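Fold and geometry: a report
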Amino acid sequence: MLIEDGRCSIKEIAAKVGLSSPSVSERLRRLQERGIIRSFTADIDPRALGYSLQAITRVRPLPGKLHIVRELLREIPEVIECDKVTGDDCFVVRLVIREIEELDGILERITDKAETSTSIVKSQPISRRPPPLCASSAES
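What comes next is a walk through the structure. If you're wondering where the values come from, they're calculated on a predicted model, not measured in any experiment.

**A look at the environment of C8**
Within the secondary structure layout, C8 lies in the segment before α1 (10-17). Among the residues examined, C8 registers a relative accessible area of 12% and is labelled buried. For C8, the contacting residues outside a window of four places in its chain are M1, L2 and I13.

**Topic: the packing of α1 against helix α2 (residues 21-33)**
Where α1 meets α2, the axes come as close as 8 Å, and the angle between the chain directions of the two elements is 105°. With respect to α2, the axis of α1 lies roughly perpendicular. Residues I10, K11, I13, A14 and V17 of α1 form the contact with α2, whose own contacting residues are S21, V24, S25 and L28. The residue makeup of the contact of α1 with α2, split by class, is six nonpolar, two polar and one charged.

**Some thoughts on the sheet that holds strand β2 (residues 79-84)**
With antiparallel pairing, the four strands of this open sheet are ordered in space as β2-β3-β1-β4. With partners counted over all chains shown, the strands left at the sheet margins are β2 and β4 (114-120), one partner each. Adjacent strand axes in the sheet meet at a mean angle of 20° when their direction is disregarded. The sheet contact formed by strand β1 (residues 53-61) and strand β3 (residues 91-97) spans seven bridges and is antiparallel. Bridge pairing in β3 places T57 opposite V93.

**Details of the pattern of salt bridges**
Taken as a whole, this structure holds 11 salt bridges when the rule is applied. One salt bridge connects R60 with E115, and the closest N-O pair in it is separated by 3.8 Å. Of the two residues, R60 is situated in strand β1 and E115 in strand β4; the sequence distance between them amounts to 55 residues. A residue is classified by how much of its surface remains accessible, and R60, at 33% relative accessible area, is partly exposed. Of the charged contacts in the structure, one is a salt bridge between R128 and E81, with a shortest N-O distance of 2.6 Å. Placement of R128 in the segment after β4 and of E81 in strand β2 is noted, with a sequence separation of 47 residues between them.

Procedures and definitions
- All residue numbers refer to positions counted from 1 along the written sequence of the respective chain.
- Only residues with pLDDT of 70 or above have their local features reported here, since the model is predicted, and side-chain atom pairs are shown and tallied only from 80 upward, although totals for entire chains, interfaces and linings are computed over all residues.
- As a rule here, side-chain values cover all heavy atoms of the structure and leave hydrogens and water aside.
- Counting from the N terminus, the helices are DSSP H or I runs at least four residues long and the strands are E runs at least two residues long.
- Using a 1.4 Å probe on the protein chains alone, a residue whose accessible area is under 20% of its type maximum counts as buried, one over 50% counts as exposed, and one in between counts as partly exposed.
- Note on contacts: a residue pair qualifies if any of its non-hydrogen atoms lie within 4.5 Å across the two residues.
- Fitting a line to C-alpha atoms yields each axis, with helices limited to the stretch in contact; the angle taken between N-to-C directions then spans 0 to 180 degrees.
- Here roughly perpendicular refers to angles of 65 to 115 degrees, roughly parallel to angles under 35, roughly antiparallel to angles over 145, and oblique to all remaining angles.
- When residue character is reported, Ala, Val, Leu, Ile, Met, Phe, Trp, Tyr, Cys and Pro are called nonpolar, Asp, Glu, Lys and Arg charged, and the others, Gly included, polar.
- At least two bridges found by DSSP between two strands is the condition for calling them paired.
- When a carboxyl oxygen of Asp or Glu is within 4 Å of a side-chain nitrogen of Lys or Arg, the pair counts as a salt bridge.

Note that every value here comes from positions in space, so none of it alone points to a role or purpose.
Next up, the structure:
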């Protein structure tokens, strides 16, 4: 229920699952302590803030520049996700831009320290979603 609506009240959850509010509160506290629930957060639509485009950039730092590139990526506010990956590249970065002309200016911050390859996101058929909470039907 919290995945679908993080603002769902403890009272609503308790009624839905047939437990008391204190029991639900205790279970949520334990889930947080175990690190299963990391945070309760707002899901902000970048388009509502004027970021009409997203780009995926694969970043390959030049020799000896890994740590510098990582810090530079952290400093770029348009970078909304960054994964360190295996393979030829080192980082896969998702960034938001208002218009395509902004892309070069953002990438110029790291191009003297890394090679980049960028794709513009056309659509997102699967948005970020939580992992399966139970075994999938494919395993049955």
